[in-house]
Amino acid sequence: MRSSVLSGFFLLWLFSITLQAQTTGVTVSGTLRDQTSGTAMPYVNVVLRNETDSTFVSGTISDEQGLFSIPGIAYGEYYLTFSYLGYRTQVLPLRTGQLSPFLDLGNIQMTAQSASLSGVTISGKQDELNESMDKKTYHSDENISQSGGSALQVMRNLPGVTIDPENRILIRGSDKVTILVDGRQTALSGFGNQAGLDNIPASAIERIEIIHNPSAKYDANGNAGIINIILKKNKQDGFNGKAGLTAGIGALWRKRENLPDIRPQYRFTPKINPTLSLNYRRRKFNLFLQGDLLWQKILNKNEFTDRYYDNGSIIHQQYQENRTQLATTVKAGVDWFINDNNTVTLSMLYGREAHVDRGDLPYFNNDFSQRERLWTFYEHEVNTTLSAAAIFLHKFRQPGHQLTLNLNYSFQREDENYFIRNEMPTYTGLDSLMLIADQHVADLNIDYVKPLRRGRIESGMKFRWRYIPTHMRFIPGLNSPMDAGAAGWANYSEIIPALYTNYVYESKHFEAEAGVRVEYVNVRYQVDPNHNTYKSDGYSYIQPFPNVRLAYIINDRNRLSLFYNRRVDRPDEQDLRIFPKYDDPEILKTGNPGLRPQFTQSAELGYKTSWKSGYFYSAFYYRNSNRMLTRIATADTAGNIIYSIAQNAGNGHSFGLELILNQELTKWFSLNISGNVYQNTIGAFTVENLYPFPVFFSSPKQQTFSGNAKMNLMFRLPKKFELWLSGIYLAPDIIPQGRIRSRYSVDLGLRKSIQKGKGELLLNMSDIFNTMRIRQEIRSDGFRLVSSNYYETQVIRFGYSYTF
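Residues numbered from 1 in each chain as written. Predicted model: local features only at pLDDT ≥ 70, side-chain atom pairs only at ≥ 80, totals over all residues. Heavy atoms only, no water.

Caption draft 1: Structural detail: the sheet that holds strand 32 (residues 629–636). In space, the 3 strands of this open sheet follow the order 29-33-32, with mixed pairing throughout. Looking at which strands have only one partner, the edges of the open sheet turn out to be strand 29 (587–590) and strand 32. For this sheet the average axis-to-axis angle between neighbouring strands, irrespective of direction, equals 25°. Here strand 29 pairs with strand 33 (residues 641–648) via 4 bridges, running parallel. Bridge assignment links L588 to a residue of strand 33, and that residue is Y643. (Pairing = 2+ DSSP bridges. Helix = DSSP H or I, 4+ residues; strand = E, 2+ residues; numbered from the N terminus. Axes fitted to C-alpha atoms, helices over the stretch in contact; angles between N-to-C directions.)

This is the structure we're talking about:
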């Protein structure tokens, strides 16, 4: 296995991607006062110069209250001079820092005596891995090999991010990831279950932030980290915008032929993605609108499964799901700049995703001589999301000193309708089911930031109310396999108040960030008293979640950082949901109202070295979790039915090494190579699956080495062409009760700037060689399951966009 991991890393050396750096500046401010009287001194000359050669960098004068500020200062060694007629010139040395975008030098006394105050550090340069090494930023427009797809597809190529068989995002091998949209959890992205990421068009995304070690100001949920999706929004003066259209075709050739007696799998699947961004800014108002539509046909699932039972039974089956999908996302709002100190932003986010699935599931005996069952279904599902937000920002006179109030409400309706045909050797039954789940979420956030001479302090509070009533109805047909006693209603309610504080300190060679978030959580899950298995349940706790980051700055190009975090993963409503899913009648999935939160402690040691044309980053990390959230499969051997139930398994831990190399080799060629090698350990555990009857399952300790590599490259060709080539390799890994085999793919993107830079042509192809497939094996008491999913991954897209 280790040799396969190493060979995968070697094979992908040829594939890399460059993610462009972005440059920001820091604002320094202070107040000038007379030392004797303490009164403010207006019109004092303030000059910033380079320490090395005293060249002029910037300058200003203090206002009537003695306040001055100098914005946009880049990284370097500086000193400030303060001069005023009748006073001695004061000199204040400065050295750039790495963390705070605003620094407050406090009161500076003007006297006849010279004064020298301690210096601070001001950072101005930031590449995709920021200087504090806790966040990576990637711009969607630069990932041209996945343009025209969804948010989920964009993330496939991001360093350190992988996608599991259930389309969940994994960071460093863990799926416990919190997804934010514009810094907030919304129904569009899920409140813990990563829902809807394949419904957000990539064209709506400005950039994606990956935060491995979140500070206390972020929710404590998600032990692997946070992914923040920033949607597009412009603030240029006047009327401006961008329009684009991308079309594509997928499933160009079959990965595997169907089993007999079912409908053809989708091939040559069409896709279309129009997008429009509008912005109008005049004086005190900024109006913005971003609209995106994604229509496509897709071979959503094509899984071949072989089940081997200890009683000698063998069942071969295929799960084919042809999907037609229409996803719409609209974001609109207004910024009202009341004055220099107060801004109000009102925004609305609307999303509607509708799809029709046509499923075919044939079941055959050992030698394929007899078809035991043909299960076909027609599913129509509509997910409607509406989110409204009001943000008030008050800026105090001191730059960076601010108070933010954020009120957000989200509503989502999940409306599913299944119509099923169950063909058995001696009869045919017609079944149907209907589910409606309405999700209501209200969040109130108050955040306060105060710059200090050597850093800043952050504090705030959050209150969340969440309520999800769910109704399931089964309409069984002849000899239906549906469990009518498992239908009914269930209500999920959640209340979470939280307080946090975070302190940041900077000096010439040391940085420190320490904070704590205290959360009270009360979750109740009310179950229909007529349900045949589950009863109402819930949990509550009050817990602290500390975070610490210490950094040693060796010099301007080298630094070490040490992180510690304690975080939680709360079961989401769908993990608790008591209703069995009948898309596959012989492998049923249900939730578990008895689930409890998973708590994780993590530590990381990182090192970064930079040079003019690139950087190298390495991090050694460790995570320890208890009551791991997963699914456990047990069998009803009498009917050869498998039940996959959400469970708290035993404790687990992992440690690993992440490496990133970013290098511009020439003006026309640059690369980014990332790799992650880790050891996963799942401790021995015993659980009891209650549905549909109690079954105990015990698992011994599991342990393996695994990893992944993403190596991408970019060519800047003549005549404004850009060529991107990227490759992904995922090594074999363990999953609860089993293993998943290696996966790999190669993507290609080509872009050309036209119309004096206002227009752009795009051509890309994902999974060029059609090699991506998911193969896994699960073992449990009484059976072994081996599956291979040949779902659609190969897509060609062509697009055009115009900026005006």
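Caption draft 2: Geometry of the nonpolar core. Of all hydrophobic cores here, the largest spans 56 residues; its most connected members are L433, F474, Y582 and I642. Considering every element that reaches this core, the biggest residue donor is strand 33, with 5 residues. Not counting chain neighbours up to four residues away, the residues in contact with I642 comprise R307, Y309, E586, I587, L588, A633, T634, A635, F783 and L785. Membership of the second largest hydrophobic core comes to 24 residues, among which are Y138, I171, I200 and L231. (Core = buried A, V, L, I, M, F, W, Y, C linked by side-chain atoms within 4.5 Å. Buried < 20%, exposed > 50% of the residue type's maximum accessible area, 1.4 Å probe, protein only. Contact = heavy atoms within 4.5 Å.)

Caption draft 3: Seen up close, the pairing of strand 23 (residues 428–452). Bridge count for strand 22 (residues 402–423) against strand 23 is 22 bridges, and the pairing is antiparallel. Looking at the pairing, N422 lines up with G429 of strand 23. The loop that links strand 22 with its antiparallel partner strand 23 comprises 4 residues. Where strand 23 lies against strand 24 (residues 455–475), 19 bridges are found, and the strand directions are antiparallel. From the neighbouring strand, V441 faces strand 24, where its bridge partner is R466.

Caption draft 4: Spotlight on the packing of aromatic side chains. Applying the stated criterion across every chain yields a total of 21 aromatic pairs. Ring plane angle 20° and centroid distance 6.2 Å describe the contact between W668 and F715, whose orientation is recorded as stacked. Residue W668 is located in the loop between strand 34 (652–666) and strand 35 (669–682), and its partner F715 is located in strand 38 (residues 702–717); the two are separated by 47 residues in the primary sequence. Ring centres of F685 and F697 lie 6.3 Å apart, and the angle between their planes is 55°; on these two criteria the pair is classed as tilted. Here F697 lies in strand 37 (residues 695–699) and F685 lies in strand 36 (residues 685–689), a separation of 12 residues in the sequence. An identical accessibility class is assigned to F685 and F697; each is buried. Here the aromatic residues Y539, Y541, F545 and F599 are joined through ring pairs into a cluster of three or more. (Phe/Tyr/Trp six-rings, centres within 6.5 Å; stacked < 30°, edge-to-face > 60°.)

Caption draft 5: Representation of the pattern of salt bridges in the model. Under the definition given, this model contains 36 salt bridges. Two residues, D182 and K331, come together in a salt bridge whose shortest N-O distance is 2.6 Å. One end of the pair, D182, is in the loop between strand 13 (177–181) and strand 14 (205–211); the other, K331, is in strand 19 (residues 314–337), and 149 residues separate them in sequence. In this structure, D572 and R466 form a salt bridge, with 3.0 Å as the shortest nitrogen-oxygen distance. Pair noted here: D572 is in the loop between strand 28 (558–569) and helix 3 (573–576) and R466 is in strand 24, with a separation of 106 residues, a long-range link. (Salt bridge = Lys/Arg side-chain N within 4 Å of Asp/Glu carboxyl O.)

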